[in-house]
Structures are given as structure tokens and as C-alpha cells.
Amino acid sequence: MSDEVLVERRGAVQVITINRPQARNALNGAVAAGIRDAADELDADGALQVGVLTGAGGTFSSGMDLKAFLKGETPSFPGRGLCGITQTPPRKPLIGAAEGWALAGGFELLLACDLVVAGASARFGVPEVKRGLVAGAGGALLLAWRIPRALALEMILTGDPFDARRAAEIGLVNRVVDEGQALEAAMGLAEKIAANGPLALIASKEISNGGGDWTAEERWDEMRSALRCGKASKPCAGTSTSPITRRSARSYRPTSSARSRRTSSAGNRSTSSTARPGWRPASRPSSAISYRSGSAASARRTSASAAW
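Please read these numbers as outputs of a predicted model, since none were measured by experiment.

Rules used in this analysis
- Residues numbered from 1 in each chain as written.
- Predicted model: local features only at pLDDT ≥ 70, side-chain atom pairs only at ≥ 80, totals over all residues.
- Heavy atoms only, no water.
- Helix = DSSP H or I, 4+ residues; strand = E, 2+ residues; numbered from the N terminus.
- Buried < 20%, exposed > 50% of the residue type's maximum accessible area, 1.4 Å probe, protein only.
- Contact = heavy atoms within 4.5 Å.
- Areas by Shrake-Rupley, 256 points an atom, 1.4 Å probe, with all protein chains shown as cover.
- Phe/Tyr/Trp six-rings, centres within 6.5 Å; stacked < 30°, edge-to-face > 60°.
- Lys NZ or Arg CZ within 6 Å of the ring centre and 35° of its normal.
- Right-handed = clockwise from strand over helix to strand, strands pointing away.
- Pairing = 2+ DSSP bridges.
- Axes fitted to C-alpha atoms, helices over the stretch in contact; angles between N-to-C directions.
- Left-handed = near helix turned anticlockwise from the far one by under 90°.
- Nonpolar A, V, L, I, M, F, W, Y, C, P; charged D, E, K, R; others polar.
- Lys, Arg positive; Asp, Glu negative; His and termini not counted.
- Salt bridge = Lys/Arg side-chain N within 4 Å of Asp/Glu carboxyl O.
- Polar contact = N/O pair within 3.5 Å; in protein donor to acceptor, adjacent residues only side chain to side chain.
- Expected span 1.5 Å × (residues − 1).

In this section: the overall build of the protein chain. Looking only at helices and strands, the protein chain features 11 helices and 11 strands. Taking all 308 residues of the protein chain together, the buried fraction comes to 51%. Contacts in the protein chain between residues far apart in sequence, at least 24 positions, make up 72% of those at least 6 positions apart. On the protein chain, roughly 13,400 Å² of surface is accessible, and the fraction owed to carbon and sulfur atoms is 54%.

This part is about the packing of aromatic side chains. Any aromatic ring pair is given by two values, namely how distant the centres are and how the planes are angled relative to each other. Enumeration over the complete set of coordinates arrives at one aromatic pair. Over the face of the ring belonging to Phe77 we find Arg36, whose NZ or CZ atom lies 4.4 Å from the ring centre. Over the ring of Phe162 we find Arg166, and its NZ or CZ is 5.8 Å from the ring centre.

Moving on to the pairing of strand S3 (residues 50–55). Regular strands place side chains that alternate from one sheet face to the opposite one. Burial analysis of S3 places six of its six residues in the buried class, which makes it a mostly covered element. Neither face of S3 is open: one carries Val50, Val52 and Thr54, the other Gly51, Leu53 and Gly55, and all of them are buried. Traced from strand S2 (residues 13–18) through helix H1 (residues 29–44) to S3, the parallel crossover comes out right-handed. Bridge count between S3 and strand S6 (residues 94–98): four bridges; the pairing is parallel.

Helix H5 (residues 149–158) packs onto helix H4 (residues 139–146) with a crossing angle of 145° between their chain directions and a minimal axis gap of 8 Å. Taken as a pair, H4 and H5 cross one another with a handedness that is right-handed. Every residue of H5 that contacts H4 at Gly139, Ala140, Leu143 and Ala144 is listed here: Arg149, Ala152, Met155 and Ile156. Among the residues forming the contact of H4 with H5, the class breakdown is six nonpolar, one polar and one charged.

Now for the sheet that holds S2. Taking strand neighbours across the sheet as the criterion, the six strands line up as S1-S2-S3-S6-S8-S11 in an open arrangement whose pairing is mixed. If you trace the sheet from one side to the other, it starts and ends with strand S1 (5–10) and strand S11 (175–177), each paired once. When the angles between neighbouring strand axes are averaged without regard to direction, this sheet yields 20°.

Following the sequence through the fold, Arg165 ends up in helix H6 (residues 164–169). On the basis of relative accessible area, Arg165 is assigned to the exposed category, the value being 52%. Remark: the alpha-carbon pair of Arg165 and Arg175, spanning 10 residues in sequence, is separated by 9.2 Å.

Looking now at the side chain of Glu108. Tracing the backbone through its elements, the reader meets Glu108 in helix H3 (residues 105–111). One buried charged side chain, Glu108, makes no salt bridge at all; its nearest oppositely charged neighbour is Arg131, positioned 12 Å away. When sequence neighbours within four positions are dropped, the list of residues in contact with Glu108 reads Leu82, Thr86, Glu128, Ala135, Gly136, Ala137, Gly138 and Gly139.

Glancing now at the pairing of S2. Among the six residues of S2, six are classified as buried, and the element is accordingly described as predominantly covered. The two faces of S2 match: Val13, Val15 and Thr17 on one face and Gln14, Ile16 and Ile18 on the other face are all buried. By the bridge criterion, six bridges tie S1 to S2 in an arrangement that is antiparallel. Bridging across to S2, Arg10 finds its partner in Val13. Between the end of S1 and the start of S2, which pair antiparallel, lie two residues, with Gly11 showing a positive phi angle near 65°. Across six bridges, the pairing between S2 and S3 is parallel. Counterpart to Ile16 in the pairing with S3 is Leu53.

Another aspect to go through is the sheet that holds strand S7 (residues 101–103). Reading across the sheet, the three strands line up as S7-S9-S10 and stay open at both edges, with mixed pairing between neighbours. Sheet topology places S7 and strand S10 (162–163) at the edges, where each strand pairs with a single neighbour. As paired strands, strand S9 (residues 123–125) and S10 are joined by two bridges and run antiparallel to one another. Looking across to S10, one finds that Arg123 is bridged to Asp163.

Relative to the helices and strands, Asn25 is located in the loop between S2 and H1. Given a relative accessible area of 0%, Asn25 falls into the buried group. A polar side-chain atom of Asn25 sits 2.6 Å from the main-chain carbonyl oxygen of Thr59. Those residues in contact with Asn25 that lie beyond four places of it in its chain are Ile18, Asn19, Arg20, Gly55, Ala56, Thr59, Phe60, Ser61, Ser62 and Gly63.

The terminal C-alpha atoms of H1 lie 22 Å apart, and with 16 residues this matches the ideal 22 Å at 1.5 Å per residue to within 8%. The complete set of buried residues in H1 reads Gly29, Val31, Ala32, Gly34, Ile35, Ala38, Ala39, Asp40, Leu42 and Asp43. Lining the buried residues of H1 we find S1, S2, S3, strand S4 (76–77) and H3. Regarding H1, its N-cap is Asn28, as a side-chain oxygen of that residue lies 3.2 Å from the backbone nitrogen of Ala30 further along.

What follows is the structure, encoded as C-alpha cells:
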């Protein structure tokens, strides 16, 4: 693994540090591969329960390294997204610890985290529109899941950043701490989480992330399936802990009745029953599923149902 990404074990917590402070932790191919590999290790190693993603030198990440991009490097991986985690985030809890700037792709990495702890000086933004671009690694698609739609559009359409206090007010950030203390506070939160049952943590995250994609008829069967996995001594049959082979980052199989309903209705079902009026998108994909919606996503889910 490149020294541009440092990976450390602290008990049951894995700390992943983007280590390019001279480049404001910009994301190049080496950084992307390092984060992807660390996330794979987090999921595969039974001794690790929680991950923490942070940046060195007082900056989380300024986004894609444009110089590296012009040389042909890309920080994204087909089917897995930016740094291997925006489309297929780890099955285990991941906490972002942000100091300074988290911009563009750096901010999109934080959207792949389940919880965020920010230093008082942290700033969050998706400035792509100021350069005639779209935040295509998850910002434009996922931000409205995390905060009210109107506020998400304010960030996306103006390109202006929010400070840590404002980010906490609108629900982007869980905790704001003194400058320079984000990693320490994230570690405290991670250790509290890691003290809980490991399979229960995975199942709880799966239910929370997947619930928005289930119909009213499916959701209880799907949750019971996840709960059975959470009580098991090992992952349920037919599931995989390998991020390369897992299906859309799900760690359990839908029940047969849910599979049949999904197959028969995938082409035309409405998501209005799971949308929260006022701020959620009209068609909300699950964060455990590819960040696309509409008929193409329905067709993929139909194919996946047949494979399951």
C-alpha cells in the first residue's frame, strides 16, 4: 500500500489517513487504491469492527488531483465509485474525521461515511458548478438523502461551502469539536460503537441503508432476514464479506417472497410509499445499491433478484 494512505489498527478500530498534506490530500490513483484496499481489509478482518477515515495536515481532502487526472490517473473504480467506497461503502460502520476543507471528491468521500466528526475549522462543499462541472461521484445524487432537499440544492447549485457549525445544524455532521480534535473525537465514537455486537452492527447498518429501497410489503421480510443474519455466528448463507463479490454491498439475501415481489414489480413500482414528503427525492435509491434510479436500476434489481 502506498505511503500516500496510512492504515493503522487501534484495537478494533481501523484508521485510514489520506497522507498528501503537500497537495491538500488531493485524490490520485495511489490514494484511491489505498482507500479501496483498506476498506476491503476492514470488511474482511473479523478483528476490525469500525473504520475511521481522515486526512493528514489539517485538511480532509480537496478532491480529485487534476494534475494526476491529466496524466491519465483516475481515482474511481468501475462498479465501486470514487476510491472504491462511494458506490460500495464498507459493510461495517465508517466514520469521517474532518479538519479543514472537504471539497468536491473529498466531500463525496464523507458522504460515503456513516457518521462525521468535524473540527471547528472544517468546511464542506461541492464547488463543481463554479467550473461548469457536476458533482458526479455522489454529491449531486446523495446529498439530498442526508439533508433537506432545499439545503442540498443550495450547496450544489451555488457551489458555496458550509462551515462546521452550519453542517451540524442541518445534519451533515454528528459532532463538532475543537480544531485539531476531530480524529480523537472520532476514535472515541468508534470505540463506543466497536464495543457492541459486530454482526448486530452490520445488520443494523444494512437495515438503515436498505430500508428506503424496500416497498411497504417487502420491508418487514427484509428486516427479519437481516435480523437472522445479525443473530448468526457467521454471515448468512449465500453472502460474502468480500467487497469485490458482494452484490450491491448487501450482506444478506432477500427472502423468497420479497425476491418474487421485486422481480414482478421492478419495472413499474412506485417509490412514493418510502419517500418522505418535503425533502427526499421522489425516487430514492438505497446507499447499499448502485447510485442510479429509474427503469435501468429497476432492470438491474430484477436481474439481481433472479441471481439471488
